[in-house]
Amino acid sequence: MATIEECRRALEKLSDNMAGAEGNVRAAAALNRSVSCHLKDLDVTFVGRLVDGRIEVRDTVQGPPPEKARIRLVMTGDDLVALVGGELNFAMAWGSGRVKLEAGLPDLFRLRKLL
């Protein structure tokens, strides 16, 4: 099972990948939204913001997110590490229910370019 620190590093790597993206991917990530990533197996939530194509983790809280973020992810720590490491396909994980992504419809349309 992935540790909280491994998951934090995975989010940092994802942030770096998004910040270094070009074209449509970069444009899709250029949102300013609250974001949360709840890791079910660790019962921990990373809370922060998506700003200028980067994920800024501002806090780590026990349990589910204290407030409803505009972009919400729910998965296991192992799935987060596998997604960022390229070992798990997001579309397949999302379609099978292993990963949940919730956001408003306009944000979902933009974020699909990232996925």
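Residues numbered from 1 in each chain as written. Predicted model: local features only at pLDDT ≥ 70, side-chain atom pairs only at ≥ 80, totals over all residues. Heavy atoms only, no water.

Identification of the protein as Sterol-binding protein from Streptomyces thermoalcalitolerans is taken from an unreviewed UniProt entry.

Take the sheet that holds strand S2 (residues 44-51) next. One open sheet holds the five strands; their spatial order is S3-S2-S1-S4-S5, and the pairing between them is mixed. Edge strands, defined here as strands with exactly one partner in the open sheet, are strand S3 (54-62) and strand S5 (100-103). With strand direction ignored, the average angle separating the axes of adjacent strands in the sheet is 20°. With eight bridges joining them, strand S1 (residues 32-39) and S2 adopt antiparallel strand pairing. Across the sheet, the residue bridging to Cys37 is Phe46, located in S2. Against the sheet, helix H1 (residues 4-19) engages S1, S2 and S3, with an angle of about 160° to S3. Docked against the sheet, helix H3 (residues 77-84) engages S1 and strand S4 (71-75), running at close to 110° with respect to S4. (Pairing = 2+ DSSP bridges. Helix = DSSP H or I, 4+ residues; strand = E, 2+ residues; numbered from the N terminus. Axes fitted to C-alpha atoms, helices over the stretch in contact; angles between N-to-C directions. Contact = heavy atoms within 4.5 Å.)

To continue, consider the nonpolar core. Counting residues in hydrophobic clusters, the biggest one holds 29 residues, and the most contacted among them are Cys7, Leu39, Ile71, Leu73, Met75, Leu80 and Val99. Listed by contribution, the elements that provide at least two residues to this core are H1, S1, S2, S4, H3, helix H4 (90-96) and S5. Once you skip the residues sitting within four places of it in the chain, Cys7 turns out to touch Ala2, Leu39, Leu42, Phe46, Gly77, Leu80 and Val81. (Core = buried A, V, L, I, M, F, W, Y, C linked by side-chain atoms within 4.5 Å. Buried < 20%, exposed > 50% of the residue type's maximum accessible area, 1.4 Å probe, protein only.)

Further remarks concern H1. Its 16 residues give H1 an end-to-end C-alpha distance of 23 Å, which sits within 8% of 22 Å, the value for a rise of 1.5 Å per residue. Of the positions making up H1, those classed as buried are Cys7, Ala10, Leu11, Ser15 and Met18. The arc that holds every buried residue of H1, seen down its axis, measures 140°, which confines them to one face. (Expected span 1.5 Å × (residues − 1). Arc of directions from axis to C-beta.)

Scored by pLDDT, the protein has a mean of 91; 96% of the residues are at 70 or more. Mean pLDDT across the secondary structure elements of the protein bottoms out at helix H2 (residues 23-29), with 71, and peaks at H3, with 97. (pLDDT = per-residue confidence, 0-100.)

Buried residues dominate S2, accounting for six of its eight residues. Counted between consecutive antiparallel strands, the loop separating S1 from S2 contains four residues, among which Asp43 sits at a positive phi close to 50°. Relative to S3, S2 runs antiparallel, the two being bridged by eight bridges. By the bridge assignment, Arg49 is partnered in S3 with Glu56.

This part takes up the packing of H1 against H3. Contact geometry of H1 with H3 gives a least axis separation of 9 Å together with a crossing angle of 30°. With respect to each other, H1 and H3 are oriented roughly parallel. The element H1 and its partner H3 pack so that their crossing is left-handed. Where H1 abuts H3, its residues Glu6, Cys7, Ala10, Leu11, Lys13 and Leu14 lie against Gly77, Leu80, Val81 and Val84. For the contact of H1 with H3, the per-class residue count stands at seven nonpolar, one polar and two charged. (Parallel < 35°, antiparallel > 145°, perpendicular 65-115°, else oblique. Left-handed = near helix turned anticlockwise from the far one by under 90°. Nonpolar A, V, L, I, M, F, W, Y, C, P; charged D, E, K, R; others polar.)

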